[in-house]
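Reading the structure
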Amino acid sequence: MSAVETADVVVIGSGPGGAIPAYRLAAAGAKVVILERGPWLETQEFTQSLRIDTYTRIIDYITADGVSVVAGNCVGGSSVSYFAAALRAPTFVFDRRDSAGHRIWPKALSRDAVDPWYDLVEETLPIAQQTWDDVPYPGGVWAAACHNAGHTCNPVPVAVDLNECTNCNWMLNGCRFGAKRSMLLNYLPAAVAHGTEIRPLHEVQTISPALTSGYRYAVEYTTVDAGDYRVPDGGGVIEAKVVIVAAGAMATPVLLQRSAPLLGNMPKAVGRYFSPNGDRVSMALMDEQKVHSVLGLEREPGTAYEGFAIGKPIGSMTYDYLDRSRKAGDRYGLQQIYFPTITNILPEATPGGDWFGPAKLHLTDQWRSWLTILAMCEDNNEGVFGVPPPTGAFIRVDSAAAVSTLSYRPNAATLRAWASSDRAVKNIIEKDGVGEHLSWTATRNYLSAHPLASCRIGDNPATSACDPSHQLRGHPGLYVTDGSSVPTALCVNPSLTIAALAEKASRSIIHAAAGLGVKVHTGHTPPPGNG
């Protein structure tokens, strides 16, 4: 009989929610294995192409009932493909209440309590504050339009080495210049330096009780073919004393749902309360003459703007609507953001929302004058996952396209919040005729790259899958540290908050691991790259 493979800690997923605790536990002395569903690409392997077999290796486009989600699928997770905006959530987010008036976030988690962990992540990555000289043309146009309408606008801080960034606008594909500070450049190599083993193309299927004395959980995985992730080519089991689930908000709840018959006593909140971070995408067609005459801009002689696709994808943002004195639902961040050319079929071409015909062709011809705006609003966690598929987190149509069991039906309060943000964007864009606001009408699904809250932390066992330490309720040694643990929409891009919460949770996990038989020291562990 062959020996059972064991590790002190198995981490499922290698984005910020997995890479950070993996490093901290390994640096504390634990034997750590990371299982990652996607491939492991080096910096020089990232492409600058929209060819289907290039960027689709590291991206999943997941269609659900009511929402479509873009998520990373590679070593480094969504930190490889994200647009690197690094913003702290506003204070009011941590104080949000549900419809019954109950606090949603753990009482101990205020903005003040999380600030030291934000500090740590910002120093570790590190984060750079863009100046106006760093902001791409679309960000400058958005800032000028905001100023023209009486609003402030600021450059967005980013996890980018601004000295190395070439402004190529291929962030979605991974940064081939090593300028974007993904997990590939900090926490993951530091974890490997402390003995962590990273196994790409390993898709975890279930978590069950371990059979080996001294170990708590058995993690069953399938290895998948590098050319077609639908094709299994092997599998195995690792038993561990501690398991950290960080497979992403679209995968973590599905894995736990499938494991429920094996583990027993699964919290009812697993797979409920999903939030797309309140993401609301809209577009504008800018009037080149008014951009010059009203906003006073000229990109080059004779051209006011025509710069939609030039530069980093996120440049500027107005924080004016994040004032905590505004009522719930009327608080949101409004951010200039670039979406790839697939968006040329998505906005309305006329107020009636025509999808084909001369109006659509005319709009597409003017794509260089587009401006895309992302409103990040307070939605109400309406998403619910259905019965999990037999394997995997979703049904793969092909290697990069998938169908989820998630159903997302925004309630009246969320719809009012989106309508409010639409009005705010419209008022800014259409002031003095500098542009025309265009709604997102060609698909009934809402679009998000920021899935959250499907296994959230909280104080109330009835509405939170995990306790404030990120431990799955009723399952000692089993933790959730990815975006699914974030309780609510954040009104800003979530990556920095996910990382800060993972840093904070890592300290609790290290102490708990010591009590579960893992030989770790509970003192200070050095920042990645500094010890």
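**Observations regarding the packing of helix α4 (residues 111–124) against helix α11 (residues 495–515)**
Packed helices, taken two at a time, are described by their axes: the angle between them and the distance between them. Look at α4 against α11: their axes get within 8 Å of each other, and the N-to-C directions meet at 105 degrees. One way to sum up the angle between α4 and α11 is to call them roughly perpendicular. Contact with α4, carried on its side by Val 114, Trp 117, Tyr 118, Leu 120, Val 121 and Glu 122, involves Leu 496, Thr 497, Ala 499, Ala 500, Leu 501, Glu 503, Lys 504 and Arg 507 of α11 and no other residues of that element.

**Details of the sheet that holds strand β14 (residues 314–318)**
Strands sit in the order β6-β14-β15-β16-β13-β20 across an open sheet of six strands; the sheet is antiparallel. Strands at the two margins of the open sheet, each flanked by one partner only, are β6 (154–155) and β20 (435–438). The pairing of strand β15 (residues 333–337) with strand β16 (residues 370–376) spans four bridges and is antiparallel. When the sheet's bridge partners are listed, Gln 336 is paired in β16 with Ile 373. Taken strand by strand, helix α5 (residues 137–148) contacts β13 (279–286), β14, β15 and β16, and its axis lies near 15 degrees from that of β14. Against the sheet, helix α10 (residues 412–429) makes contact with β13, β15, β16 and β20, and its axis sits at roughly 20 degrees relative to β13, the strand it touches most.

**Topic: the side chain of Arg 456**
By the secondary structure assignment, Arg 456 is in the loop between β21 (446–448) and β22 (478–480). Buried within the structure, Arg 456 lacks any salt-bridge partner; its nearest side chain of opposite charge belongs to Asp 98, at an N-O separation of 5.9 Å. Filtering out sequence-adjacent residues up to four positions away, Arg 456 remains in contact with Ile 104, Tyr 273, Asn 381, Thr 463, Ser 464, Ala 465, Cys 466, Ser 484, Ser 485, Val 486 and Pro 487.

**Description of the pattern of salt bridges**
Where charged atoms from two side chains of opposite charge come close, those side chains can pair. One pass over the full model with this rule turns up 21 salt bridges. Across the salt bridge formed by Asp 161 and Arg 181, the nearest N and O atoms sit 3.9 Å from each other. Taken together, the residues span a long stretch of sequence, with Asp 161 in the loop between β7 (157–158) and α6 (187–193) and Arg 181 in the loop between β7 and α6 at a distance of 20 residues. Arg 181 sits in the buried class, given a relative accessible area of 15%. Notably, a salt bridge pairs Glu 197 with Arg 199, separated by 3.0 Å at the nearest N-O pair.

**Description of the pairing of strand β3 (residues 59–65)**
Here β3 pairs with strand β4 (residues 67–72) via five bridges, running antiparallel. Across the sheet, residue Ile 62 finds its bridge partner in β4, namely Val 69. Pairing of β3 with strand β19 (residues 401–407) involves four bridges; the strand directions are parallel. Following the sheet pairing, Thr 63 is matched in β19 by Val 403.

**A word on the pairing of β16**
With seven of seven residues buried, β16 is to be regarded as a mostly interior element. Neither face of β16 is exposed, since Trp 370, Thr 372, Leu 374 and Met 376 on one face and Leu 371, Ile 373 and Ala 375 on the opposite face are all buried. Here β13 runs beside β16; their pairing, made up of seven bridges, is antiparallel. Among the inter-strand pairings, Ala 284 is bridged to a residue of β16, identified as Leu 371.

**Examining the nonpolar core**
Of all hydrophobic cores here, the largest spans 113 residues; its most connected members are Ile 12, Leu 25, Trp 105, Ile 207, Val 243, Leu 256 and Leu 478. Of the residues forming this core, the biggest block, ten residues, is contributed by α11.

**Concerning the packing of helix α1 (residues 16–27) against α11**
Contact pair α1 / α11: the axes reach a minimum separation of 8 Å and the direction vectors enclose 40 degrees. Viewed along their axes, α1 and α11 adopt a mutual orientation that is oblique. By crossing handedness, the relation of α1 to α11 is classed as right-handed. Across the interface between the two elements, Pro 16, Gly 17, Ile 20, Pro 21, Arg 24 and Leu 25 from α1 touch Ile 498, Ala 499, Ala 502, Glu 503, Ser 506, Arg 507, Ile 509, Ile 510 and Ala 513 from α11. Its residues assigned to classes, the contact of α1 with α11 shows ten nonpolar, two polar and three charged.

**Let's talk about the packing of aromatic side chains**
This structure, assessed with the given rule, holds nine aromatic pairs. With a centroid separation of 6.2 Å and 80 degrees between ring planes, the pair formed by Phe 274 and Tyr 408 is classed as edge-to-face. A residue pair is termed long-range when its members are at least 10 positions apart, and Phe 274 in strand β12 (residues 272–274) and Tyr 408 in the loop between β19 and α10 qualify at 134 residues. Taking relative accessible area as the criterion, Phe 274 reaches 0% and is therefore assigned buried. When its relative accessible area of 0% is taken as the criterion, Tyr 408 is described as buried. Between Phe 308 and Tyr 338 the ring centres are 4.9 Å apart and the planes differ by 55 degrees, which places this aromatic pair in the tilted class.

**Brief notes about α1**
In this model α1 runs 16 Å from its N-terminal to its C-terminal C-alpha over twelve residues, within 8% of the 16 Å that 1.5 Å per residue would give. Extensive coverage of α1 is indicated by the burial of twelve of its twelve residues. Regarding α1, the residues found buried are Pro 16, Gly 17, Gly 18, Ala 19, Ile 20, Pro 21, Ala 22, Tyr 23, Arg 24, Leu 25, Ala 26 and Ala 27. Remark: Gly 29 follows α1 within two positions and exhibits a positive phi of approximately 115 degrees.

**Topic: the state of the cysteines**
In protein chemistry, a disulfide is the covalent bond that joins the sulfur atoms of two cysteines. Evaluation of the coordinates by the stated rule reveals zero disulfides. Free cysteine: Cys 74, not disulfide-bonded; nearest cysteine sulfur from Cys 175 at 13 Å. Overall, Cys 74 belongs to the buried group, its relative accessible area being 2%. Left unpaired, Cys 466 is separated from the closest cysteine sulfur, that of Cys 455, by 6.0 Å.

Parameters at a glance
- Residues numbered from 1 in each chain as written.
- Predicted model: local features only at pLDDT ≥ 70, side-chain atom pairs only at ≥ 80, totals over all residues.
- Heavy atoms only, no water.
- Axes fitted to C-alpha atoms, helices over the stretch in contact; angles between N-to-C directions.
- Helix = DSSP H or I, 4+ residues; strand = E, 2+ residues; numbered from the N terminus.
- Parallel < 35°, antiparallel > 145°, perpendicular 65-115°, else oblique.
- Contact = heavy atoms within 4.5 Å.
- Pairing = 2+ DSSP bridges.
- Buried < 20%, exposed > 50% of the residue type's maximum accessible area, 1.4 Å probe, protein only.
- Lys, Arg positive; Asp, Glu negative; His and termini not counted.
- Salt bridge = Lys/Arg side-chain N within 4 Å of Asp/Glu carboxyl O.
- Core = buried A, V, L, I, M, F, W, Y, C linked by side-chain atoms within 4.5 Å.
- Left-handed = near helix turned anticlockwise from the far one by under 90°.
- Nonpolar A, V, L, I, M, F, W, Y, C, P; charged D, E, K, R; others polar.
- Phe/Tyr/Trp six-rings, centres within 6.5 Å; stacked < 30°, edge-to-face > 60°.
- Expected span 1.5 Å × (residues − 1).
- Disulfide = S-S within 2.5 Å.

No statement about biological role is implied by the geometric values presented.
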